[in-house]
Amino acid sequence: MALTIIESCVNCWACEPLCPSKAIIEAKPHFLIDAKKCSECDGDFAEPQCASICPIEGAILDAAGLAVNPPGSLTGIPPERLAAAQAEIRAR
Amino acid sequence: MELKVKSQGGCASSGCGSSADRLSHLPEAIRAKVNNHPCFSEDAHHHYARMHVAVAPACNIQCHYCNRKYDCSNESRPGVVSELLTPDQAVKKVLAVAANIPQMTVLGIAGPGDPLANPERTLETFRQLSEKAPDIRLCVSTNGLALPELVDEICKHNIEHVTITINCVDPDVGAKIYPWIFWKNRRVKGRKAAEILIAQQQKGLEMLVERGVLVKVNSVLIPGVNDAHLKEVSRVVKAKGAFLHNVMPLIAEEEHGTFYGLMGQRGPTNEELQTLQDACAGDMAMMRHCRQCRADAVGMLGEDRGHEFTLDKIETMEIDYTAAMARRAQVHAEIEANRAAQRTQSGEVFVSLASLKRPAPKKTETRPVLMAVATAGSGVVNQHFGHAREFLVYEASATDVRFIGARKVDLYCSGGDTCGDAETTLQKIIRTLSGCEVVLCSKIGYEPWGQLEAAGIVPNGEHAMEPIEEAVAAVYREMLESGRLDHAPAPEQRMSA
Ligand code: SF4
Ligand code: SF4
Ligand code: SF4
């Protein structure tokens, strides 16, 4: 039971101070989660804190290897609406 | 606190006189606070320097104009830095800069994330500095989300200025700017997120004003999103006692990797920005000299000497701050004497400028003219055209000379060829100067001279070393006398950047 940070992490530090288990490690080329320490925030918070503040879609994976924040979940624009939204914004 | 800027008639409101006069109606205590603050006082920015230390990486919200990958060395957008510092390293750097650049009067923490989303790192830096360097003014910028909870901490550390970025007061507008916030250990999205953020910003503003802290409000002008709405923002924050409103243009290029950049959201033209700034001006001071600094900028506004103070360099510097403080006080006194002298001088010019109306008595109004100025600081025309990284734009009219804004030559990127655009630097400069009819500089080469003239911008090197506003007024007078103001500017200058 642990989350994973992958290479799309931009090293923004947002997750690190929030982790109740001190499982997040500043590392190069990107931050990492110590799988032995990560509790998925169970018992501390309703939602995993790192994945609740991470600004990058897809940078954090759940135990099953799926993106906790899949494409479109943070921009608010699902992939199928991307082209339409872009046209709208370009017209401004 | 009487922070509200009174509306004034006569001289001060029409800006007849140097920009320092525009602050002359403020209570003495407030004037003292802003007199040598380059970001809060337009006149001060010619003379004093500021620095930012990048101690605060994390952020608790997402703005569509921000890319949180902040370590790009090619760019100088807000939020971009090259090295992140610990509070101890930051304090060391500040003392080193203060000793070596005595004009540096202000230390700000502005990121690269949100300083108040990193309260320990930010407050620890302030705590140490208020102890070790009492002659440096401290200020902080924030998106406002965590502000109400931290107002009392901020006041404890002797922070006199706070900047809040407020882009909207309407959650429907906010939902187009902020996709989410991190709030009470959860991610909140959409309109609800904007609603919470706006409420926190407004509450924070009110609390700071109550406690006598000067608040500047920054707004990013996003065409088609909040352009029409910013007048309302200006009205609201003014009513709540904000001291200054700074409307900045959106910077959105695809290569910055921001949501807006990738989606093709455009930034405003110089004209759109100026029109909005004028519309918001009313009776609250508008800031037009903002350079949208990097979160680790060092030096005068518009310049960056950060490379002189990298970690490895400051490591080897021995700083005796008591000695430095004495030298700093001396330099500040010299600057003030110099400013006082400039003020008296330009006062005389404006008297004679007003008498200009005599030679053309029938015309009640001659048209205003925009002029660009190359300056390396001290408030005088003293830079070679080819060395200018930015131009200050002034508007001269029959009654006054007013500062309109700074335009950067190499817009936020020094990536050169990688930016993939075949325009020559000179063509870029000419485009940057659109709308200006004159460019004042200390010297200019033969080739740019010709091309500028061809584009309808007259280069002028005759006022080198003169105070800017005086030089602009003199050129306006020459234009009037030679009849150049009788007809409209050449059409190619009408195009926008
Ligand atoms: S899920 Fe919770 S415990 Fe695990 S790394 Fe993220 S913040 Fe830490
Ligand atoms: S919040 Fe996301 S992007 Fe930022 S350091 Fe953590 S994992 Fe990386
Ligand atoms: S508040 Fe600042 S750091 Fe945070 S997303 Fe907005 S611009 Fe970026």
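Preceding block: the structure.
What counts, and at which threshold
- Residues numbered from 1 in each chain as written.
- Chains lettered and ligands numbered in written order.
- Predicted model: local features only at pLDDT ≥ 70, side-chain atom pairs only at ≥ 80, totals over all residues.
- Heavy atoms only, no water.
- Disulfide = S-S within 2.5 Å.
- Salt bridge = Lys/Arg side-chain N within 4 Å of Asp/Glu carboxyl O.
- Helix = DSSP H or I, 4+ residues; strand = E, 2+ residues; numbered from the N terminus.
- Buried < 20%, exposed > 50% of the residue type's maximum accessible area, 1.4 Å probe, protein only.
- Core = buried A, V, L, I, M, F, W, Y, C linked by side-chain atoms within 4.5 Å.
- Contact = heavy atoms within 4.5 Å.
- Buried area = accessible area lost by both parts, 1.4 Å probe.
- Polar contact = N/O pair within 3.5 Å; in protein donor to acceptor, adjacent residues only side chain to side chain.
- Nonpolar A, V, L, I, M, F, W, Y, C, P; charged D, E, K, R; others polar.
- Pairing = 2+ DSSP bridges.
- Axes fitted to C-alpha atoms, helices over the stretch in contact; angles between N-to-C directions.

Caption draft 1: Main features of the state of the cysteines. Enumeration over the complete set of coordinates arrives at zero disulfides over all chains. Summary of cysteine pairing: cysteine 280 of chain B is not part of a disulfide, and the nearest cysteine sulfur, belonging to cysteine 168 of chain B, is at 14 Å.

Caption draft 2: Main features of the pattern of salt bridges. Applying the stated criterion to the full structure yields 17 salt bridges over all chains. The salt bridge partner of glutamate 47 of chain A is arginine 186 of chain B, with a shortest N-O separation of 3.7 Å. Of the two residues, glutamate 47 of chain A sits in the loop between strand S3 (32-33) and helix H1 (49-53) while arginine 186 of chain B sits in strand S7 (residues 186-189), which places them in two different chains. Looking at arginine 186 of chain B, the relative accessible area reads 43%, which means it is partly exposed. A salt bridge links arginine 191 of chain B to aspartate 172 of chain B; the nearest nitrogen and oxygen atoms lie 2.8 Å apart. You can see arginine 191 of chain B sitting in helix H7 (residues 190-210) and its partner aspartate 172 of chain B sitting in helix H6 (residues 171-174), a full 19 residues away along the chain. With a relative accessible area of 44%, aspartate 172 of chain B lands in the partly exposed category. Each of Glu124, Arg127 and Glu131 of chain B takes part in a single network of salt bridges with overlapping partners.

Caption draft 3: Molecular detail of the nonpolar core. Residue and element names in this part refer to chain B. Residues Val53, Met104, Leu107 and Ile136 are the most contacted members of the largest nonpolar core, which totals 59 residues. Not counting the four nearest positions on each side in its chain, leucine 107 is found in contact with Met51, His52, Val53, Val94, Phe126, Leu129, Ile136, Arg137, Leu138 and Cys139. By size, the runner-up hydrophobic cluster in this structure holds 27 residues, among which are Cys63, Ala193, Val220 and Met263.

Caption draft 4: Spotlight on the interface of chain B and chain A. Each partner contributes residues to the interface: chain B has 28 residues there, and chain A has 25 residues. Summed over both sides, the interface between chain B and chain A buries roughly 2200 Å², with carbon and sulfur atoms accounting for 57% of that surface. On the chain B side of the contact with chain A, Phe182, Arg187 and Met263 of chain B bury the most area, a combined 27% of that side's loss. Run the count over chain B and chain A and you get one salt bridge. The tally of links from chain B across to chain A stands at eight residue pairs in polar contact (both at pLDDT 80 or more). Counting only elements with at least two residues in the side of chain B that touches chain A, the list comes to strand S6 (180-183), S7 and helix H9 (259-263) of chain B. Among the elements that line the side of chain B that touches chain A, the one with the most residues is H9 of chain B, at four residues. A per-class count over the side of chain B that touches chain A returns 14 nonpolar, seven polar and seven charged.

Caption draft 5: Region of interest: the sheet that holds strand S16 (residues 458-460) of chain B. Residues and elements named next belong to chain B. A sheet is described by the order of its strands in space; here five strands give the open sequence S14-S13-S12-S15-S16, paired in mixed fashion. Here the strands that pair on one side only, and so sit at the sheet edges, are strand S14 (401-408) and S16. Taking each pair of neighbouring strands and ignoring which way they run, the sheet shows an average axis angle of 25 degrees. As paired elements, strand S15 (residues 436-440) and S16 share three bridges and run parallel to each other. Across the sheet, residue leucine 440 finds its bridge partner in S16, namely asparagine 460. On the sheet, helix H10 (residues 270-281) packs against strand S12 (369-373), strand S13 (390-396) and S14 and is oriented at approximately 140 degrees with respect to S14.

Caption draft 6: Geometry of unusual backbone geometry. Residue and element names in this part refer to chain A. Across the junction of lysine 28 and proline 29, the peptide omega takes the value 0 degrees, indicating a cis bond. Looking at the secondary structure, you find proline 29 in the loop between strand S2 (24-25) and S3. Non-glycine residue glutamate 40 carries a positive phi angle of around 55 degrees. Within the fold, glutamate 40 resides in the loop between S3 and H1. Judged by relative accessible area, glutamate 40 falls into the partly exposed class, the value being 23%.

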